[in-house]
Structure formats: structure tokens, C-alpha cells
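Here is what each chain is made of, one letter per residue.
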Amino acid sequence: MPVFDALGGEYEEVVFFHDPPTGLKAIIAIHSTTLGPALGGTRFYPFASEEDALRDVLRLSRGMTYKAAAAGLDLGGGKAVIIGDPKRIKTEELLRAYGRFIDSLGGRYITAEDIGTARDDMDIIRRETRYVTGVAPEFGGSGDPSPVTAYGVYLGLIACAEEAWQEHSVSGRRVAVQGVGKVGYHLVKHLVENGATVVVSDVDVDAVARTVRDFGVETAEPEKIHAEECDIFAPCAMGGVIRDDTLPELKCRVVAGSANNQLGRPEHGEALAEMGILYAPDYVINAGGLINVADELQGYNPERAKSRVEGIYRNVREIFTIARERRMSTAAAADKFAEERIGKIGRVRLYWVPGGRGWAKIWGRA
Ligand code: NAD
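### What to know about the overall build of the chain
Summing up its helical and strand segments, the chain has 15 helices and 12 strands in all. Since a compact globule built from 366 residues should have a radius of gyration of about 21 Å, the 20 Å found for the chain is in line with a globular shape. If one aligns the C-alpha atoms of the chain with their principal axes, the spans along those axes are about 55 × 50 × 45 Å. By sequence separation, contacts in the chain at least 24 residues apart represent 64% of the contacts at least 6 residues apart. Charge separation in the chain, taken as the distance between the mean sites of 44 positive and 52 negative side-chain charges, equals 5 Å.

Shown next, in the form of C-alpha cells:
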């Protein structure tokens, strides 16, 4: 595969690591370090081919650049993949070899957990490098990001309510939540506590039962939830929910939830706008988890992390303003918002200062 063509001139650095004795085959993609070191999780997955792994790591690392920039963080975008079935090949020595490889990048890439990796793995990686987040609390870790992500999504929904109905509240709104896992469950809690009527669905019957038991919400069939008559449809399960086949069935005024990559294709952002449906761009509204884990770099402080997550409300509002004023979809406005911040802050950092580019702040030494 012509690798440089795949990079499209957009990526700073892509590194391939191979440690045959442990079976480690890893790729780290650093899309951009304009705003700071590239932070993004490690996905450990049995990719069908090396091309698939490369394609995924490139796509995901680019997404992290936009997410960090829109969240107002001094971080760039990166991501890593380890090729293989974690259930079969994940060992202490493989993870430590991987930790040493991360260390060799000198802090340009900082890892975190993702599909196929968990906090315990981060603790092992930490034995070889300090460029790792999502570690255990006794090592300064921030714990499960999901409740924080849910809080950020809830604040984003209030920004949506202001834009759609000029009301600073979700009270009295009917919200359809797709997926009541780690994030969805906590989102339902915020919604119910704040006067919304909630209908949920999940393919996992136990997850539905727990949510009904705890909050007394209504339920819908998983394949029908997007077509529920409601004010807000909140995708909190898998990506690609807004597609050619689901778009005509939507009966909501707002689409806003935690799921990554909600739009099947970028054009679906325009389609939602044309239908008069307000879309809260996923990587802006679901940035709470990233903001929370990034706080570890300065010595995790839950209060500071929470107040930073509250910025999601302002960011979502700002994106709606850009979309209105420049007559573009909210999806396109989010990309502009991120790109303009990278451009502006990147330019400021061209000034030479003794001792570097202000990175000391990132590492809590300022
Ligand atoms: P999770 O696995 O805990 O929950 C997802 C839930 O969706 C599960 O209960 C699963 O059974 C359900 N589900 C799967 N397919 C479904 C379907 N077709 N219909 C209805 N339900 C279905 O994951 P999570 O951590 O809650 O994350 C949810 C989404 O938010 C994911 O897309 C994730 O990438 C994204 N996200 C999560 C975080 C975080 O902090 N956890 C941060 C940012 C983005």
C-alpha cells in the first residue's frame, strides 16, 4: 500500500513498532502537535489487515486533533493501534515493550485506553513511560471518564435547548436515549433529575432493566428508537446512526449524544441542517472524557476537570452561532471552530521564547 498517499500530506508522523518475541505490532499516528502533544487512546484489535489498521489509526488520530482543539485543550491529535486479539496476545511483556516504544517518542504522543485496552493495561505501560493517562487513582489517574462525559453531554443538551426553544433547560422535553451503557445511564440520570421525560433503548436487556428500575423511564425497541417522536434524539451507543435509511425516519428537533462518529458520511451533517434538525457535533459534545483524562497531565484535580468540562456548554453554543452567522451546517461549523483555533494558537506559538513553546504548562511545571 502506498503509505505516503494514505497520509495525504496531512499527518506529522506515523511510526510502526514491531517486537517479534512479544508479538507486538503497533502503529502510532501523530496527526498534529500544533497545539501540544498528541493525546489519544490505544486500540487493541484483531484488524483484518494491516491496511485496515493503518486506515483506522489515521482516521482516529485526525479526529483527536479536532476534538482536543474544539475542547480548548493544549493538546494535539494522535492515536495508536495494536494489531491482534487482546484476549490471545495481550501480556505484560507486550504492553511493556509498547510502553518503551511510546517513551521513545519523547512525549510527542501520550496514550490512554480505548477499545481492547483498560486501566490495568495503562498501569503496566506506565512502568515504562510517563506518557500515559487513564492510570489507577493511586498513580494520579482520573478513573472512569463516563460520568464526566455524560455531564458534558447534558450541558451540551442545554445549549441545544437554548438554540432550538430559547429555554435554558431540558425540563418538559421528551428525550430518546439510544444506549444506556456507561455514558447513557448517567445521561438519563441528569435528564430525569432535571425534569425531562426519557425513553431508552439498548440491545442489552439488563442495561435497560437497570435504567428502568433506577429512573422509571419508558422503553423502545432498539431498531426503532431513532424514529421515536421526541424533542431530542441522543445517540449513546455506536457510531453511524445517522444514515440514508435512518434520516427520513427521524421525528426529533435535535440530535445530540455521546456516540462517536454519529454521521454515516459527512454529507449527513448537511442533510440534518436541511431537515431543520439541530445537530450537536459529536466530538464537541462528547469531549468530557478527553478533558477529564487530559487533566491528569497537571496532577488530576476533579474540581478543575469538572469546571473545564463546563466549557462544553459554551463551545456548543459558539458552534451554533458560527453555523447561523456563516450559514453552514453545525457539523461544518465545528470543523471551522477547531481549525480556526489551531490556526490562531499555532500562529502565536511561532514566537520564539526561551525554553520552548510553553509545554511546561502541560506537564504541570509552570
Ligand atoms: P458502553 O459500551 O458502556 O455503552 C454502549 C451501550 O450501547 C451498551 O449498553 C450497548 O449494549 C448499547 N448498544 C449497542 N448497540 C446498540 C443498539 N443498536 N441499540 C441500542 N443500544 C445499543 O459505552 P459507553 O462508554 O457508554 O460509550 C457510548 C458511546 O459514547 C460510544 O460511542 C463511545 O465511543 C462514546 N464515548 C464514550 C465516552 C466515555 O467516556 N465512555 C467518551 C466519548 C465518547
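Having put the structure on the table, let's press on.
### Looking at the site of the ligand
Close to the ligand lie 20 residues; Thr149, Lys182, Val183, Asp202 and Ala237 are nearest. Measuring from an oxygen atom of the ligand, one finds a side-chain N or O atom of Thr149 at 2.7 Å. Between the ligand and the protein, one listed contact pairs an oxygen atom with a side-chain N or O atom of Asp202 at 2.6 Å. Mapped onto the shell around the ligand, the elements with two or more residues apiece are helix H6 (146–165) and helix H7 (182–193). Looking at the shell around the ligand residue by residue, the classes come out as 8 nonpolar, 9 polar and 3 charged.

### A look at helix H8 (residues 205–215)
Three or more residues of H8 are buried, namely Ala207, Val208, Thr211 and Phe215. Burial along H8 is one-sided: seen end-on, the buried residues are contained in an arc of 100 degrees. Seen from the buried face of H8, the exposed residues on the opposite side, beyond 90 degrees, are Val205, Asp206 and Arg213. The inward-facing, buried residues of H8 abut H7, strand E8 (197–201) and strand E9 (218–219). The opening residue of H8, the one whose side-chain oxygen lies 2.9 Å from the backbone nitrogen of Asp206, is Asp204. Taken from the residues just after H8, Gly216 is the one with a positive phi, measuring 60 degrees.

### Re the nonpolar core
Ile28, Tyr98, Val177, Leu187 and Leu191 are the most contacted members of the largest nonpolar core, which totals 91 residues. The element best represented in this core is H6, accounting for 13 residues. For this core, the domains that each give at least three residues are domain 1 (3–139) and domain 2 (146–328). Counting 17 residues, the second largest nonpolar core, distinct from the first, contains Val199, Leu250, Leu263 and Leu272.

### Some words on the domain arrangement of the chain
Partitioning the chain into structural domains gives domain 1 (3–139) and domain 2 (146–328). With centres defined by C-alpha atoms, the gap from domain 1 to domain 2 works out at 27 Å. On the side of domain 2, 13 residues touch domain 1, which itself brings 14 residues to the contact. At the boundary of domain 1 with domain 2, total buried surface from both sides reaches about 1,100 Å², with 72% on carbon and sulfur atoms. Three residues stand out in domain 1 for area buried against domain 2, namely Lys67, Ala70 and Leu73, and they jointly supply 40% of the buried area on that side.

### Brief notes about the sheet that holds E9
Taken together, the 6 strands give an open sheet; going across it, the order is E9-E8-E7-E10-E11-E12, and neighbouring strands pair in parallel fashion. On the outer flanks of this sheet lie E9 and strand E12 (278–279), each paired with one strand and no other. Taken together, the 5 bridges between strand E7 (residues 174–178) and E8 define a ladder with parallel strand orientation. Bridging from a neighbouring strand, Val175 pairs with Val198 of E8.

### Some thoughts on the packing of aromatic side chains
Enumeration according to the criterion identifies 4 aromatic pairs in this entry. Taking the centre distance of 4.4 Å and the plane angle of 15 degrees together, the rings of Phe17 and Phe101 count as stacked. Linking Phe17 in strand E1 (residues 13–19) with Phe101 in helix H4 (residues 92–104), this pair joins segments that are 84 residues apart in sequence. On the basis of relative accessible area, Phe101 is assigned to the partly exposed category, the value being 22%.

About the thresholds
Residues numbered from 1 in each chain as written. Predicted model: local features only at pLDDT ≥ 70, side-chain atom pairs only at ≥ 80, totals over all residues. Heavy atoms only, no water. Helix = DSSP H or I, 4+ residues; strand = E, 2+ residues; numbered from the N terminus. Rg over C-alpha atoms; globule rule 2.2 N^0.38 Å. Contact = heavy atoms within 4.5 Å. Lys, Arg positive; Asp, Glu negative; His and termini not counted. Charge placed at Lys NZ, Arg CZ, Asp CG, Glu CD. Near = heavy atom within 4 Å. Polar contact = N/O pair within 3.5 Å; in protein donor to acceptor, adjacent residues only side chain to side chain. Nonpolar A, V, L, I, M, F, W, Y, C, P; charged D, E, K, R; others polar. Buried < 20%, exposed > 50% of the residue type's maximum accessible area, 1.4 Å probe, protein only. Arc of directions from axis to C-beta. Core = buried A, V, L, I, M, F, W, Y, C linked by side-chain atoms within 4.5 Å. Domains from an automatic or database assignment. Buried area = accessible area lost by both parts, 1.4 Å probe. Pairing = 2+ DSSP bridges. Phe/Tyr/Trp six-rings, centres within 6.5 Å; stacked < 30°, edge-to-face > 60°.

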